[in-house]
Each structure stands twice: as structure tokens, then as C-alpha cells.
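# Structural characterization, general
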Amino acid sequence: MNFRIFLFSLIVLTSTLAWSKSEECESKNIKKISRPMVSNTKSKTDFFSYSFFHISADEGQPTVVFIPGGPGQTSIDNKGVEIPLNFGIIYTDPSGVGCNEVEGAKLSDEFFTTENVAADVVALISELKLNNYIIYGQSWGTTVAQIATNQIEKLALVPPKALVLEGVVGRAISNKTEAFEGFVKSWKSIKNQLEPDLVKSLTQQSGFMGLTSEEWGSSIRSRIIVGEEITVDFLTQVSRMPDYTVQTAVRANNDSAASVDLSRKKFYDLIACRQMYNGNSELNRNIVLKAGELDFGTTSFCRGINSLKPFNSKQWQVKTKTYYFSGSSDPLTPLWQRDYHMLNQRASAKITVTIRGAGHLPLRNNLLRVSNKIWNSINEGAENLQAIVEDF
């Protein structure tokens with residue numbers, strides 16, 4: 001296995017939630033516009049300064065408007081979009097977190113909605129008078145991208161030349177089975193690829209290699225998200241390493257993924273529970289490895305948070321050509337989510353790219369070497385990108 005890939009799998013795979021405002025928020029490329037705390041309301045509302053990071057495109061080239069996932073991930077401090085150098089880029093942070101954290105303000109629950117975040121994206125596109133651009137959403141960001149594109153078309157602004165959705169959300173999760181079935185399926189496949197002695201060791205109740213069942217569960221979960229191959233290689237490699245090395249790496253990864261600042265926790269809980277998980281009272285953040293199987297527990301982080309307008313792509317129709325990037329083994333946004341989205345979008349041209357064996361966010365995690373070719377093809381209106389992936 002490539003050492004770089006293994007090192008990537010050994011260290012932090014999930015974006016840490018712990019973050020404070022950095023120098024990036026005052027960069028020369030930061031632009032600011034005044035935005036209402038709550039959009040599309042007849043009630044009186046305060047305003048705040050909404051920041052985004054903007055590098056202009058070369059003449060004749062498009063600007064990519066990037067919307068990160070989460071809910072609550074940021075991109076201004078974590079610029080990871082690989083596009084051609086002559087393209088422009090706009091990195092956004094959702095209102096309420098990152099460079100758009102509203103310090104000292106007591107924010108109402110109305111502030112934390114996907115529609116509110118999308119309205120800010122529409123406002124910056126309108127402010128810049130963009131007429132050659134692509135909207136690109138990842139994971140939860142695909143819901144923001146969908147809503148923003150719908151609103152842009154309704155407002156008769158110049159629409160994006162393409163809508164790029166990676167790790168597609170078609171609708172809110174209905175129950176615990178839908179939330180975790182992808183992890184169960186992937187874990188079964190992964191165990192079939194491991195050495196029998198290693199599978200046996202992972203069933204030890206006392207804790208394999210000095211790690212608890214909770215630590216193993218969290219570590220395996222974070223790697224399954226990226227892909228089955230990464231998980232198989234990780235487990236195979238660590239089984240041959242000293243216990244203390246594995247303990248240090250796994251605990252550092254788990255601690256980083258679990259650290260939460262209060263503004264981002266509130267953002268995640270209110271949007272995820274109310275709009276992505278449909279107020280489901282059975283969902284648990286933690287996964288435990290119990291007798292060799294993944295156990296999802298019964299304590300819900302959504303308990304006591306009521307549903308509010310669960311997302312459904314059917315309600316947000318667009319005409320813009322849409323590119324779908326999906327991993328065949330993605331446990332967070334399984335292929336049925338993409339298929340639901342495609343089935344219920346009636347007017348848009350649809351181009352799908354499926355990366356076999358890949359997990360969540362395959363364009364970012366699996367296709368970096370051909371990303372420029374992919375983006376240039378999208379800019380040219382390509383009808384088939386699967387051939388690029390297959391050749392790669």
C-alpha cells in the first residue's frame with residue numbers, strides 16, 4: 001500500500017469541529033456583505049457581516065462557488081478544492097460558524113436553517129454579479145447548493161453553468177436503519193477481506209491492542225466513511241505495529257474528531273436533527289465495536305429536538321445541468337440518496353459519475369490526479385465523465 005495513503009488513513013480523516021477565527025478571516029481575499037440574521041422573514045431582524053473568500057477567474061474562465069458539508073464544516077480555513085489554476089474560487093463558511101461566527105450574539109433557532117445558509121450564497125452571487133460560475137456542494141452542502149440554485153433560477157439571476165453535487169443528499173433520513181445500513185454493509189464486506197486471525201482478534205471483549213470497543217468503533221467508522229480499501233489497509237497495517245503506536249494514533253484521531261466548539265455544535269445539532277435526520281430520536285453519534293460487530297447504541301443526540309422542514313430535493317426543482325459524484329460504498333450518502341435526487345428532478349440534464357469501491361466525497365478523496373481534467377470537462381459541458389474515471 002502507498003505509504004502516503006496509509007499515513008492519511010492513520011491520522012485524522014474527519015474534519016475537526018474545534019476551530020476559532022484565524023488570520024484567514026482577515027485575508028486580502030475576504031469579501032464581506034451585510035446579511036439579515038434570518039432571511040425571507042417579515043419580522044424585524046438584525047444584520048451581520050457575512051464573509052467569503054474570493055479569487056477571481058482568468059478572463060473567460062468560470063468561478064467555482066464551493067459549499068462545504070457537515071452541517072457546520074468550514075472551507076475558508078481549509079481550502080481543499082482542486083480546480084484548474086485559471087478558474088476562480090469562492091470558499092464559503094455557513095452563517096454562524098467559522099469566519100461567519102456571530103460573536104456575542106444570542107442567535108435564535110430560526111438562524112440555523114439550510115434555507116438561511118442558501119440565501120447567503122445567493123446574496124454573494126448577486127452581489128458579485130457572477131455570470132460564468134459553477135456551484136459545487138459536498139455532502140450536506142449539496143442541499144445548500146440545490147436550494148441556492150433553485151432560488152437563483154426563481155429570482156431570474158444568471159444561473160450557474162453547472163451544479164456539481166458530491167456525496168449527494170436526496171432527502172432527510174427517515175429512521176435508524178437508513179442512517180446506519182451503509183456502515184453495516186461496508187463492515188461486512190471489510191471483514192471478508194481481512195485475515196481470519198485479525199477478524200478473530202477484533203472480537204475480543206477485553207480490547208484489541210489495548211483499545212476499548214468505543215475507541216475501535218469510532219476509528220473504524222471514520223475510515224469506513226472514506227472507503228473500504230482504506231479501512232482494510234488501515235486494519236491490516238496497524239495489526240502489525242506496536243500497540244502503543246496504534247493507541248497514540250487512534251486516540252489522537254478520535255479526540256480530534258470529537259472536539260467541538262459550542263457554536264458549531266449548535267449549528268450541527270439544530271440543522272442535522274431538524275432537517276437532515278427528521279427529528280429522529282434513535283440516532284447516536286458513537287459507534288461501538290461489540291463482539292466484532294458495529295453497534296449503534298440507543299442514546300440519541302437528537303432527542304428533544306423537533307423536526308423542522310426535513311430536506312427533500314423534490315421540493316427544490318432546478319433546470320441547471322447537474323453532475324453527480326458518488327462512491328459505491330459511501331455509508332453517509334449511499335447511492336439510493338443520489339438515485340432519489342435524480343428521480344425527483346424533472347427538468348435538469350443529469351450526468352452521473354460513480355467511483356467503484358469509494359466512500360464519501362470521492363472527487364476529493366479518490367480523483368485528485370484527474371480533477372483538473374474533470375473540472376475542465378464540466379466547464380465544457382461534457383455529457384460523459386465516467387470515461388475519465390474508468391481510464392484513471
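Below is a short write-up of the structure. Since the structure is predicted, the reported quantities are computational estimates derived from the model, not experimental observations.

What counts and what doesn't
- Residues numbered from 1 in each chain as written.
- Predicted model: local features only at pLDDT ≥ 70, side-chain atom pairs only at ≥ 80, totals over all residues.
- Heavy atoms only, no water.
- Salt bridge = Lys/Arg side-chain N within 4 Å of Asp/Glu carboxyl O.
- Buried < 20%, exposed > 50% of the residue type's maximum accessible area, 1.4 Å probe, protein only.
- Core = buried A, V, L, I, M, F, W, Y, C linked by side-chain atoms within 4.5 Å.
- Helix = DSSP H or I, 4+ residues; strand = E, 2+ residues; numbered from the N terminus.
- Contact = heavy atoms within 4.5 Å.
- Pairing = 2+ DSSP bridges.
- Axes fitted to C-alpha atoms, helices over the stretch in contact; angles between N-to-C directions.
- Parallel < 35°, antiparallel > 145°, perpendicular 65-115°, else oblique.
- Nonpolar A, V, L, I, M, F, W, Y, C, P; charged D, E, K, R; others polar.
- Phe/Tyr/Trp six-rings, centres within 6.5 Å; stacked < 30°, edge-to-face > 60°.
- Lys NZ or Arg CZ within 6 Å of the ring centre and 35° of its normal.
- Polar contact = N/O pair within 3.5 Å; in protein donor to acceptor, adjacent residues only side chain to side chain.
- Disulfide = S-S within 2.5 Å.

Now for the pattern of salt bridges. For the structure on display, the rule yields 10 salt bridges. Glu26 is the partner of Lys32 in a salt bridge, and the nearest nitrogen-oxygen pair spans 3.9 Å. As a salt-bridge pair, Arg338 and Asp339 come within 3.1 Å of each other at their nearest N and O atoms. Note on Asp339: relative accessible area 37%, which makes it partly exposed.

Nonpolar side chains tend to gather and get buried jointly when the protein is soluble and globular. Val121, Ile125 and Ile135 are the most contacted members of the largest nonpolar core, which has 48 residues in total. Counting only elements with at least two residues in this core, the list comes to strand 2 (47-55), strand 3 (63-67), helix 2 (114-128), strand 5 (133-138), helix 3 (140-154), strand 6 (162-166) and helix 9 (262-276). Dropping the residues within four chain positions of it, Ile125 is found in contact with Val65, Leu130, Tyr133, Ile135 and Ile152. Formed by 32 residues, the second largest nonpolar core is a distinct cluster that contains Phe66, Val81, Ile134 and Ala382.

One open sheet accounts for eight strands, arranged 1-2-4-3-5-6-9-10; its pairing is mixed. With partners counted over all chains shown, the strands left at the sheet margins are strand 1 (30-36) and strand 10 (350-355), one partner each. Within this sheet the neighbouring strands show an average axis-to-axis angle of 20°, counted without direction. Helix-sheet contacts for helix 2 involve strand 1, strand 2, strand 3, strand 4 (88-92) and strand 5, and the interaxial angle to strand 2 is about 60°. Helix 10 (residues 335-344) rests against strand 6, strand 9 (322-327) and strand 10 of the sheet, and its axis sits at about 165° to strand 9.

With that out of the way, let us pick up unusual backbone geometry. Here the bond from Gly70 into Pro71 is cis, since omega is 5°, no more than 30 degrees from zero. Structurally, Pro71 can be placed in the loop between strand 3 and strand 4.

This next bit is on the packing of helix 6 (residues 213-226) against helix 7 (residues 228-238). As a packed pair, helix 6 and helix 7 sit with axes 8 Å apart at the nearest point and diverge in direction by 140°. When the axes of helix 6 and helix 7 are compared, the pair comes out oblique. Contact with helix 6, carried on its side by Trp216, Ser219, Ile220, Arg223, Ile224 and Val226, involves Ile230, Thr231, Phe234, Leu235 and Val238 of helix 7 and no other residues of that element. Considering only residue class, the contact of helix 6 with helix 7 consists of eight nonpolar, two polar and one charged.

Another aspect to go through is the packing of aromatic side chains. The geometry of an aromatic ring pair is captured by the separation of the ring centres together with the interplanar angle, meaning the angle of the planes. Counted according to the given criterion, the structure contains 12 aromatic pairs. Note on Phe111 and Phe112: the rings are 5.2 Å apart at their centroids and 85° apart in plane angle, and the pair reads as edge-to-face. Just as Phe111 is buried, Phe112 falls in that class too. Between Phe112 and Phe267, the aromatic rings sit 5.9 Å apart at their centres with planes inclined by 85°, giving edge-to-face as the arrangement. Linking Phe112 in the loop between strand 4 and helix 2 with Phe267 in helix 9, this pair joins segments that are 155 residues apart in sequence. Put simply, the rings of Phe48, Tyr50, Phe52, Phe111, Phe112, Trp140 and Phe267 touch in pairs and so form one group of aromatic residues. Across the ring face of Tyr340, the terminal group of Arg171 is positioned such that the distance to the ring centre comes to 5.7 Å. The ring centre of Phe234 lies 3.8 Å from the NZ or CZ of Arg223, which sits over that ring.

With that settled, consider the side chain of Asn312. For Asn312, the position within the fold is in the loop between strand 8 (293-295) and strand 9. Given the relative accessible area of 18%, Asn312 is considered buried. Only 2.9 Å separates the side chain of Asn312 from the side chain of Tyr340, close enough to count as a polar contact. With near-sequence residues (within four places) excluded, Asn312 lies in contact with Gly170, Arg171 and Tyr340.

So, on to the state of the cysteines. Enumeration over the complete set of coordinates arrives at one disulfide. Sulfur-sulfur distance for the disulfide between Cys25 and Cys99 comes to 2.1 Å. Its torsion about the S-S bond being -85°, the disulfide of Cys25 and Cys99 is classed as left-handed. Taken as a pair, Cys25 in the loop between helix 1 (3-10) and strand 1 and Cys99 in the loop between strand 4 and helix 2 lie far apart in primary sequence, 74 residues in all.

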